[in-house]
Amino acid sequence: MLGPPKSKAGRRTVGIPQGIVRVLQEHMDTYGQDEPGALMFPAAKGGPMRRSGFNTRTRWVDVVTEIGLPGLHFHDLRHTDNMLAAESGAGLKDLIARMGHDNVRAAMIYQHAVRGADEAITNAIDRQLEARDDDDDKGTARAGPHRVIKS
């Protein structure tokens, strides 16, 4: 849909990784119109594609099945980017800005999903304690298995 974003936060600049820029450029070189403001996925006559026609026009269902991802929806790509952004260690404000949201709710969903980092941190601390135990001639500072403490 062409038009203004749903919220003020939706108007933003988002960086695109170079690997993706190359693929987008190849797509535009092959399928794009050679004019400023050309659409990435135009309809048959060059104008905006209707949302209802996207899957048919792009053969989306066939393509995602061919690459081994049946059931993948176009919007899942946004979720993938948000997960990768959260896994990068970016702060909450930066995630909110990248996602184009004006509150923390959506960004917190992605941060919660990468909470598995806590286990990696716990395991790293265990390794440090075990290394110190190995250096301790007396063996008095034994580290036991870690516990999860809910707060």
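Figured I'd write up the structure that's included with this text. (Residues numbered from 1 in each chain as written. Predicted model: local features only at pLDDT ≥ 70, side-chain atom pairs only at ≥ 80, totals over all residues. Heavy atoms only, no water.)

**Some details on the overall build of the protein**
Right, so step 1: A tally of regular secondary structure across the protein gives seven helices and zero strands.
Right, so step 2: Starting at the N terminus and ending at the C terminus, the protein contains elements arranged as α-α-α-α-α-α-α.
Right, so step 3: For the protein, the proportion of contacts with a sequence separation of at least 24, taken over those separated by at least 6, is 29%.
Right, so step 4: In the structure as shown, the protein presents an accessible area of about 12500 Å², 55% of it carried by carbon and sulfur atoms. (Helix = DSSP H or I, 4+ residues; strand = E, 2+ residues; numbered from the N terminus. Contact = heavy atoms within 4.5 Å. Areas by Shrake-Rupley, 256 points an atom, 1.4 Å probe, with all protein chains shown as cover.)

**Overview of the environment of Gln111**
Right, so step 1: The residue Gln111 is located in helix 6 (residues 105–113) in this model.
Right, so step 2: Note on Gln111: relative accessible area 18%, which makes it buried.
Right, so step 3: Distance in space between the C-alpha atoms of Gln111 and Ala85 is 9.3 Å, their sequence separation being 26 residues.
Right, so step 4: The residues contacting Gln111, other than those within four sequence positions of it, are Ala86, Ala90, Gly91, Leu92 and Leu95. (Buried < 20%, exposed > 50% of the residue type's maximum accessible area, 1.4 Å probe, protein only.)

**Some words on the packing of aromatic side chains**
Right, so step 1: Using the criterion set out here, one finds four aromatic pairs in the structure.
Right, so step 2: Seen in terms of ring centroids, Phe41 and Phe54 are 5.8 Å apart; in terms of plane orientation they differ by 85 degrees. Their pairing is edge-to-face. Here Phe54 lies in helix 2 (residues 54–58) and Phe41 lies in the loop between helix 1 (18–31) and helix 2, a separation of 13 residues in the sequence.
Right, so step 3: Given a relative accessible area of 15%, Phe54 falls into the buried group.
Right, so step 4: Aromatic pair Phe54 and Phe74: ring centres 4.9 Å apart, planes at 65 degrees, arrangement edge-to-face. Residue Phe54 is found in helix 2, and its partner Phe74 is found in the loop between helix 3 (60–66) and helix 4 (76–87); the two are separated by 20 residues along the sequence.
Right, so step 5: Through a chain of ring-to-ring contacts, the aromatic side chains of Phe41, Phe54, Trp60 and Phe74 assemble into a single cluster. (Phe/Tyr/Trp six-rings, centres within 6.5 Å; stacked < 30°, edge-to-face > 60°.)

**Side note on the pattern of salt bridges**
Right, so step 1: Counting across every chain of the model gives three salt bridges.
Right, so step 2: Between Asp62 and Arg59 there is a salt bridge, with the nearest N and O atoms lying 3.7 Å from each other.
Right, so step 3: Where Asp81 meets Arg98, a salt bridge forms, and the shortest distance between an N and an O atom there is 3.0 Å. You can see Asp81 sitting in helix 4 and its partner Arg98 sitting in helix 5 (residues 92–99), a full 17 residues away along the chain.
Right, so step 4: A residue is classified by how much of its surface remains accessible, and Asp81, at 29% relative accessible area, is partly exposed.
Right, so step 5: According to the relative accessible area criterion, Arg98 is partly exposed, its value standing at 26%.
Right, so step 6: Each of Arg59, Asp62 and Glu66 takes part in a single network of salt bridges with overlapping partners. (Salt bridge = Lys/Arg side-chain N within 4 Å of Asp/Glu carboxyl O.)

**Some words on helix 5**
Right, so step 1: Within helix 5, burial applies to Leu95, Ile96 and Met99. Relative to the axis of helix 5, the buried residues are bounded by an arc of 100 degrees and lie together on one face. Facing away from the buried side of helix 5 by over 90 degrees, the exposed positions are Lys93 and Asp94. (Arc of directions from axis to C-beta.)

**What to know about the nonpolar core**
Right, so step 1: Grouped together as the largest cluster of nonpolar side chains are seven residues: Ala85, Ala86, Leu95, Ile96, Met99, Ala107 and Tyr110.
Right, so step 2: Counting residues per element, the ones that place at least two in this core are helix 4, helix 5 and helix 6.
Right, so step 3: Of the residues forming this core, the biggest block, three residues, is contributed by helix 5. (Core = buried A, V, L, I, M, F, W, Y, C linked by side-chain atoms within 4.5 Å.)

**Comments concerning unusual backbone geometry**
Right, so step 1: Positive phi, close to 60 degrees, is recorded for Arg59, a residue that is not glycine.
Right, so step 2: Tracing the backbone shows Arg59 in the loop between helix 2 and helix 3.

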